[in-house]
Amino acid sequence: MADLLLGQVLSFTGDPFVIGEAAAQHLSRGAVLVDQGRIRAVGQAGDLRAAHPGASVHDYGDCLISAGFIDAHVHYPQTAIIASWGKRLIDWLNLYTFPEEMRFADPAYAEEIAGRYLDLVLARGTTTVCSYATIHPASVDAIFGAAQARGMRVFAGKTCMDRNAPEGLRDSAQSAYNDSKALLEKWHGRDRLSYVITPRFSPTSTPEQLAALGSLWREHPDCLMQTHLSEQTDEIAWVKDLFPQSRDYLDTYETQGLLREGAVYGHAIWLTDREKARLREAGASLVHCPTSNMFIGSGLFDMGLARHLRVGLATDTGGGSSFSMLRTMAAAYEVAQLRGEALHPAQLWWLATVGSARALHAEGQIGNIAPGMEADLAVIDLTSTPAIAQAAARAETLWQALFPTVMVGDDRAIRAVWVGGRPR
Ligand code: GUN
Ligand code: ZN
C-alpha cells in the first residue's frame, strides 16, 4: 500500500550556486506519495489526498519533509575516536586513528561499530554515507552488511595503505588490488550498495599501489574512486618529499590513473591553480568537510569551487567533530563567513542533499524529492527546542524558519526518517 506523507516539502529544481534561492521549491502544505521504495508524486496535500484515497496518511503537521541527508566522506571505523584531543592530521592519524583501525582486524568489532555508526547517522537524518573502511576486507563486509540490514544506499571501500602505516595496517600493491577487486565483485551493485576504490592518500600508498588501483578502476569504470587531497600544509610538504617527480599533490593521483569523472577527493583545501584547472577539466568531485577542517586545524575550503565542480558536504567522522549534517551545514556557513561569503540556507541544504548526491554521481537516485527518486526522506521539526522555536517564530520566509535549525539544531530536530520507502 502507498504511503502519503504530509508536511512542508522542500525540493530543488536547480542549483542554488547558479540561480540562487529560485532553485528551491517549497510547498507549505505539501505531500509526498511513496510506494514500493520510490517517490511516486509530489504536490499539494489536498490534491494528493483526493487522488490517492487508499494511501496510508502520515501527517507531520508543519514539519519539513526533505530528502535524507547524504554524508559524502566519512570513516565509519573512527566512530569511537570522535573528539580525540590536541593533534593535527599526521599526529592525529598516528596517535588515535591507526590504533583504532587496528581493532578492525576483529570482524565482530567491525560489525559492532558499523551497526552503531549507521544508527547514529540515521538518528540525525542521514540516509546515505560514502565511507572509508579499514585495510581489512571484513570491515567492508561489516559496513555493507549493516547497510543491507537497514535498507540503506551506502558507498564504501577497503582503505588501501602499503607504507607509512604501522605493521598490521599495511597491505601491498598486489593484495590491495586483489582484495579490492574481490570486494568490488562481491558487493558493487548488490541491493543499494556501491563499491568505492579507496587508496587512503598518497603518503600511505607507494606509486605501485596507486598504479594498481588505477588499473582496477580502468577495469571497473562505473565505480567511484575516493581519496584525500591537500588537507594540511604539512601533509602537502610530505607528499612533495615522497613524490619528488610530481608537479603537485593531484599529480600523484593523475599519473596513476586516479583522476577523472568519478574521482571523489576529500578536503581539497590548499589547491594550486593547476590543480583547480585539472580538477575542473577532468570533472572530478570535491567534498567539503568543515567541522573536520576546523577540528584538525586544516584550513578554510573555497566554496567558490562549487560553481565549477561537483561539491559535496561531509562530516569526515571521526576527524570531524559531529555525526550531524545539520551541524556540518552550520560549520560550512561559518567557514564561508571567515572567507567573506554568506552561504544562503538554500545552498547549505542543497549541499547536504543534491550536492552530495552529485558528488557521488547518484543524483538520479537520491538527494531530492521528485517522482522516480528513491524514497529516502528526513522529516525535520523546525521548532525542536525552545531556543530554536523562539527564533523560528519570527520567520516570515521558509529560509528564516529553516536557518535556526541549520545553525542550532541537532538530533532532536529529526522527527522521522524514511529509508527506501519505509519509516525507521
Ligand atoms: N588523511 C588520510 N587519512 C585521513 C583520515 O582518516 N582523516 C582525515 N581527516 N584525513 C586523512
Ligand atoms: Zn577522511
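Structural data are supplied above this passage.
Keep in mind the model is a prediction, meaning the values are calculated, not measured. (Residues numbered from 1 in each chain as written. Chains lettered and ligands numbered in written order. Predicted model: local features only at pLDDT ≥ 70, side-chain atom pairs only at ≥ 80, totals over all residues. Heavy atoms only, no water.)

## Quick word on the overall build of the protein
Reasoning step 1: Per the secondary structure count, the protein includes 15 helices and 16 strands.
Reasoning step 2: What you see for the protein is a C-alpha radius of gyration of 21 Å, in line with the 22 Å of a compact globule of 424 residues.
Reasoning step 3: Along the three orthogonal principal directions, the C-alpha set of the protein runs to about 65 × 45 × 40 Å.
Reasoning step 4: By the burial criterion, 61% of the 424 residues in the protein qualify as buried.
Reasoning step 5: Look at the contacts in the protein between residues 6 or more apart in sequence, and 76% of them connect residues 24 or more apart.
Reasoning step 6: Both charge centroids of the protein, one from 37 positive and one from 47 negative side chains, sit 1 Å from each other. (Helix = DSSP H or I, 4+ residues; strand = E, 2+ residues; numbered from the N terminus. Rg over C-alpha atoms; globule rule 2.2 N^0.38 Å. Buried < 20%, exposed > 50% of the residue type's maximum accessible area, 1.4 Å probe, protein only. Contact = heavy atoms within 4.5 Å. Lys, Arg positive; Asp, Glu negative; His and termini not counted. Charge placed at Lys NZ, Arg CZ, Asp CG, Glu CD.)

## A short note on the coordination of the zinc ion (ligand 2)
Expected angles at a metal are 109.5 degrees for tetrahedral coordination by four donors and either 90 or 180 degrees for octahedral coordination by six donors.
Reasoning step 1: Every protein donor of the zinc ion (ligand 2) is accounted for by His73 (NE2), His75 (NE2), His228 (NE2) and Asp316 (OD), and the metal-donor separations fall at 2.0 to 2.6 Å.
Reasoning step 2: We note that the donor set of the zinc ion (ligand 2) lies within a single chain, spaced as H-x1-H-x152-H-x87-D. This pair shows no difference in class: histidine 73 is buried, exactly as histidine 75 is. (Donors = N, O, S within 2.8 Å, 3.2 Å for Na, K, Ca; no water.)

## Describing the sheet that holds strand S16 (residues 422-423)
Reasoning step 1: Within the open sheet, the seven strands sit side by side as S3-S2-S1-S4-S14-S15-S16. Their pairing is mixed. The open sheet is flanked by strand S3 (38-44) and S16, the only strands paired with a single partner. (Pairing = 2+ DSSP bridges.)

## Some thoughts on helix H12 (residues 325-338)
Reasoning step 1: For H12, spanning 14 residues, the distance from its first C-alpha to its last is 20 Å, which sits close to the expected 20 Å at 1.5 Å a residue.
Reasoning step 2: Burial of H12 is extensive: 10 of the 14 residues sit out of reach of the surface.
Reasoning step 3: Within H12, the full set of buried residues consists of Met325, Leu326, Thr328, Met329, Ala330, Ala331, Ala332, Tyr333, Val335 and Ala336.
Reasoning step 4: One side-chain oxygen at the N-terminal end of H12 lies 3.1 Å from the backbone nitrogen of leucine 326; it belongs to serine 324.
Reasoning step 5: Directly after H12, the chain includes glycine 340, whose backbone phi takes a positive value near 85°. (Expected span 1.5 Å × (residues − 1). Polar contact = N/O pair within 3.5 Å; in protein donor to acceptor, adjacent residues only side chain to side chain.)

## Observations concerning helix H10 (residues 273-282)
Reasoning step 1: Of all the positions in H10, only Glu275, Leu279 and Ala282 are classed as buried. All buried residues of H10 lie within an arc of 75° about the axis, which places them on one face of the element. Exposed residues on H10 whose side chains face more than 90 degrees from its buried face are Asp273 and Glu281.
Reasoning step 2: Within two residues after H10, glycine 283 carries a phi angle of roughly 75°, on the positive side. (Arc of directions from axis to C-beta.)

## Things to note about the packing of aromatic side chains
Reasoning step 1: Throughout the structure, instances matching the rule amount to nine aromatic pairs.
Reasoning step 2: Taken together, Tyr76, Phe104 and Tyr109 form an aromatic cluster joined through their ring pairs.
Reasoning step 3: Directly above the ring of tyrosine 109 sits arginine 103, whose terminal nitrogen or CZ lies 4.2 Å from the centroid.
Reasoning step 4: Across the ring face of tryptophan 187, the terminal group of arginine 190 is positioned such that the distance to the ring centre comes to 4.5 Å. (Phe/Tyr/Trp six-rings, centres within 6.5 Å; stacked < 30°, edge-to-face > 60°. Lys NZ or Arg CZ within 6 Å of the ring centre and 35° of its normal.)

## Focus on the side chain of arginine 124
Reasoning step 1: Mapped onto the secondary structure, arginine 124 falls in the loop between helix H4 (107-122) and strand S6 (126-132).
Reasoning step 2: Given the relative accessible area of 18%, arginine 124 is considered buried.
Reasoning step 3: Once residues within four sequence positions are removed from consideration, arginine 124 is found in contact with Phe69, Phe323, Ser324, Asp411 and Ile414.

## Re the nonpolar core
Reasoning step 1: Ranked by internal contacts, the top residues of the largest apolar core, which has 105 residues, are Tyr76, Tyr265, Leu279, Leu286 and Trp349.
Reasoning step 2: Here the element with the most residues in this core is H4; it accounts for eight residues.
Reasoning step 3: Excluding anything up to four places from it in sequence, tyrosine 265 contacts Met225, Thr227, Leu229, Leu250, Tyr253, Leu258, Leu259, Leu279, Ala284, Ser285, Leu286 and Val287.
Reasoning step 4: If you look at the next biggest cluster of nonpolar residues, it comprises 16 residues, including Val9, Val34, Ile39 and Met373. (Core = buried A, V, L, I, M, F, W, Y, C linked by side-chain atoms within 4.5 Å.)

## Observations regarding the pattern of salt bridges
Reasoning step 1: A full pass over the atoms with the stated rule returns 23 salt bridges.
Reasoning step 2: Here glutamate 100 ties to arginine 103 by a salt bridge, and the two come within 3.8 Å at their closest N and O atoms.
Reasoning step 3: Classification of glutamate 100 by relative accessible area gives buried; the value is 8%.
Reasoning step 4: When its relative accessible area of 46% is taken as the criterion, arginine 103 is described as partly exposed.
Reasoning step 5: The residue arginine 170 makes a salt bridge to glutamate 167 at a minimum N-O spacing of 3.1 Å.
Reasoning step 6: For glutamate 167, a relative accessible area of 65% corresponds to the exposed category.
Reasoning step 7: Among the ionic contacts, a cluster of salt bridges with common partners joins Asp248, Glu254, Arg274, Arg278 and Glu281. (Salt bridge = Lys/Arg side-chain N within 4 Å of Asp/Glu carboxyl O.)

## A look at the pairing of strand S12 (residues 285-288)
Reasoning step 1: Side chains Ser285 and Val287 of S12 all project onto a buried face; the interleaved residues Leu286 and His288 project onto the opposite face, where all are buried too.
Reasoning step 2: In this sheet, S12 lies alongside strand S11 (residues 263-267) in parallel orientation, the contact comprising three bridges. Each bridged residue has a counterpart across the sheet, and for valine 264 the counterpart in S12 is serine 285.
Reasoning step 3: Between the parallel pair S11 and S12, the chain is carried across by H10, and the sense of this crossover is right-handed.
Reasoning step 4: Pairing of S12 with strand S13 (residues 310-313) involves four bridges; the strand directions are parallel. The partner of valine 287 across the bridge, within S13, is glycine 312. (Right-handed = clockwise from strand over helix to strand, strands pointing away.)

## Looking at the site of ligand 1
Reasoning step 1: In the vicinity of ligand 1 there are 13 residues, among which His75, Gln78, Arg200, Glu231 and Asp316 approach most closely.
Reasoning step 2: Arginine 200 places a polar side-chain atom, nitrogen or oxygen, 2.8 Å from an oxygen atom of ligand 1.
Reasoning step 3: Between ligand 1 and the protein, one listed contact pairs a nitrogen atom with a side-chain N or O atom of glutamate 231 at 2.7 Å.
Reasoning step 4: When ligand 1 is considered free in solution it has 270 Å² of accessible area, and contact with the protein chains removes 100% of it.
Reasoning step 5: Per element, the largest residue contribution to the shell around ligand 1 is three residues, and it comes from helix H3 (residues 89-102). (Near = heavy atom within 4 Å. Areas by Shrake-Rupley, 256 points an atom, 1.4 Å probe, with all protein chains shown as cover.)

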